[in-house]
Amino acid sequence: GGAGTGFVISSDGYIATNNHVVEGANKIQVQFTSGRIVDATTVGRDPSTDLAVIKANATGLPTVTLGNSDTPNVQIGDSVVAIGNALALEGGLSVTNGIISGLNRQVPEQNGAVLFGMLQTDAAINPGNSGGPLLNLDGEVIGINTLVVRQTNSGDIAEGLGFAIPSN
């Protein structure tokens, strides 16, 4: 099994996440912050953009507000908050903060796809955070936390290099 994060985009149970969170899953369960666990199914996924939508067997859910990730709405230096399920630790979700460190980055993924237009952030993103929202200070989702780079192909060690797929 694995763990990841997602966020509710419609009250009837549609949840946005990363493709790599659900890829190859035989069974998907969603645990809400209330502790409630429900089954879910994959509605659609796109490995080339690392995006997926799942449908939880639940209704009446609170939803997020999608923000505008285009410049000038998002700029280098803007404060952001990343929410996720870091390392699937007991006790619920984790929250980190940081800034937008770069815009329009190209980042290769392990499956060979190259993600374009990525938001770079120094907010801590760890395994389990994938698929979680990157929020502006108005609480709007401006990105989907996707990956972190810890070491380059040449062996250089990196810190604070997190990337999110822009909401737009």
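Residues numbered from 1 in each chain as written. Predicted model: local features only at pLDDT ≥ 70, side-chain atom pairs only at ≥ 80, totals over all residues. Heavy atoms only, no water.

A.B. asks: Explain the pattern of salt bridges here, please?
C.D. replies: Two side chains with opposite charge may pair up if their charged atoms get near one another. Across all of its chains, the model carries one salt bridge by this definition. Linking E23 and R45 is a salt bridge whose minimum nitrogen-to-oxygen distance equals 3.7 Å. Highlighted residues: E23 in the loop between α1 (19-22) and β3 (28-31) and R45 in strand β4 (residues 37-46), separated in sequence by 22 residues. When its relative accessible area of 42% is taken as the criterion, E23 is described as partly exposed. (Salt bridge = Lys/Arg side-chain N within 4 Å of Asp/Glu carboxyl O. Helix = DSSP H or I, 4+ residues; strand = E, 2+ residues; numbered from the N terminus. Buried < 20%, exposed > 50% of the residue type's maximum accessible area, 1.4 Å probe, protein only.)

A.B. asks: Got a minute to help me understand the pairing of strand β12 (residues 162-166) in this structure?
C.D. replies: Most of β12 is tucked away: four of the five residues are buried. With three bridges connecting them, strand β9 (residues 114-121) and β12 associate as antiparallel partners. Note that in β12 the partner of Q120 across the bridge is F163. Pairing of strand β11 (residues 140-148) with β12 involves five bridges; the strand directions are antiparallel. Counterpart to L147 in the pairing with β12 is F163. (Pairing = 2+ DSSP bridges.)

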